[in-house]
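Chain residues, written in single-letter form:
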Amino acid sequence: MAVQLKKSQATSTLSLTPLIDVVFLLLIFFLVASRFAQEDRRIPIELPSATSATPMTEQPKEIVVDIDSEGALVLNGNTVTADELEAELVRGVASNPVHQSVVIRADRRVQFQSVVTVMDLCNRTGVADYTVTTQEGPGEY
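Engineer: For the nonpolar core, give the residues involved together with the corresponding values.
Structural biologist: In terms of nonpolar packing, the biggest core is built from 18 residues, with V65, I67, L85, L89, V102 and V118 touching the most fellow members. Elements supplying a minimum of two residues to this core: β2 (63-67), β3 (73-75), α3 (82-95), β5 (101-106) and α4 (112-125). The element best represented in this core is α4, accounting for 4 residues. In this structure, I67 is in contact with I45, A72, L73, I104, R105, A106, D107, V110, S114, V115 and V118, ignoring residues within four places of it in sequence.

In structure tokens form, the structure reads like this:
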């Protein structure tokens, strides 16, 4: 007597569990591997415009110094004095002597002396790579 085996429907359908596991692992990989935006833009600053401005691209070791419309220096969301900024720049140069860079984001209404003070601190501490950011737009002369 021949035994007749019936094929179950469970084996004939595609199992989605491994597929969901792979998609979940890929999602976790991309979340961990992606670089999240740093919170260096904590205070609202209206940047001056320039016709040849390019988007700011951050390097791994750069220090971002914000100067608000009153001339206060802001580093990592905290208002600092020139002496505190100089100490932070010295620490940055000590940990990354060759490629330490500083990005100066100054409000368009600030006195230029505040920007020159930060540039002078960069020169004094050995930071040769510093930039002043602008936004793209028609220049006002």
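Engineer: Help me get a handle on the pattern of salt bridges, residues and values and all.
Structural biologist: In the structure shown here, the tally under the stated rule is 5 salt bridges. For R105, the salt bridge identified is with D66, shortest N-O distance 3.0 Å. One end of the pair, R105, is in strand β5; the other, D66, is in strand β2, and 39 residues separate them in sequence. Residue classification places D66 among the buried positions, given a relative accessible area of 3%. Connected through salt bridges with shared partners, the residues E86, D120 and R124 form a single ionic network.

Engineer: I'd love a proper account of the pairing of strand β6 (residues 129-132), names of residues and values included.
Structural biologist: Two strands pair when backbone bridges link them, and β5 and β6 are joined in this way by 4 bridges, in the parallel orientation. Each bridged residue has a counterpart across the sheet, and for I104 the counterpart in β6 is V132. One crossover worth recording links β5 to the parallel β6 by way of α4, and it is right-handed.

Engineer: How would you summarise the environment of I45 if you had to cite specific residues and measurements?
Structural biologist: Within the secondary structure, I45 is located in the loop between α2 (17-33) and β1 (49-50). The class of I45 is buried, set by a relative accessible area of 13%. I45 sits 62 residues away from D107 along the chain, and the two C-alpha atoms are 5.3 Å apart. Non-local contacts of I45, meaning those with residues more than four positions away in its chain, are made with D66, I67, R105, A106 and D107.

Engineer: Requested: an account of the packing of aromatic side chains, with residues and values cited.
Structural biologist: As enumerated under the stated definition, the model contains 1 aromatic pair in all. Aromatic side chains F29 and F30 sit 5.3 Å apart centroid to centroid with 70° between the ring planes, which places their arrangement in the edge-to-face category.

Engineer: Before we move on, can you summarise unusual backbone geometry with the specific residues and values?
Structural biologist: Despite not being glycine, N76 has its phi angle at roughly 55°, a positive value. By the secondary structure assignment, N76 is in the loop between β3 and β4 (78-80).

Engineer: Explain the sheet that holds β3 to me, and be specific about the residues and the numbers.
Structural biologist: What the 5 strands build is an open sheet, ordered β4-β3-β2-β5-β6; its pairing is mixed. Edge positions in the sheet fall to β4 and β6, since each has one partner strand and no second. Neighbour-to-neighbour, the strand axes of the sheet open up by a mean angle of 30°, direction not taken into account. With 5 bridges joining them, β2 and β5 adopt parallel strand pairing. Considered in β5, the bridge of I63 is made with V102.

Engineer: Summarise α4; cite the residues concerned and give the values.
Structural biologist: The terminal C-alpha atoms of α4 lie 20 Å apart, and with 14 residues this matches the ideal 20 Å at 1.5 Å per residue to within 8%. By the burial criterion, the buried members of α4 are S114, V115, V118, L121, C122 and T125. Buried positions in α4, seen along its axis, are confined to an arc of 120° and lie on one side of it. Within α4, the exposed residues directed more than 90 degrees away from the buried face are F112, Q113 and R124.

Calculation rules
Residues numbered from 1 in each chain as written. Predicted model: local features only at pLDDT ≥ 70, side-chain atom pairs only at ≥ 80, totals over all residues. Heavy atoms only, no water. Core = buried A, V, L, I, M, F, W, Y, C linked by side-chain atoms within 4.5 Å. Buried < 20%, exposed > 50% of the residue type's maximum accessible area, 1.4 Å probe, protein only. Helix = DSSP H or I, 4+ residues; strand = E, 2+ residues; numbered from the N terminus. Contact = heavy atoms within 4.5 Å. Salt bridge = Lys/Arg side-chain N within 4 Å of Asp/Glu carboxyl O. Pairing = 2+ DSSP bridges. Right-handed = clockwise from strand over helix to strand, strands pointing away. Phe/Tyr/Trp six-rings, centres within 6.5 Å; stacked < 30°, edge-to-face > 60°. Axes fitted to C-alpha atoms, helices over the stretch in contact; angles between N-to-C directions. Expected span 1.5 Å × (residues − 1). Arc of directions from axis to C-beta.

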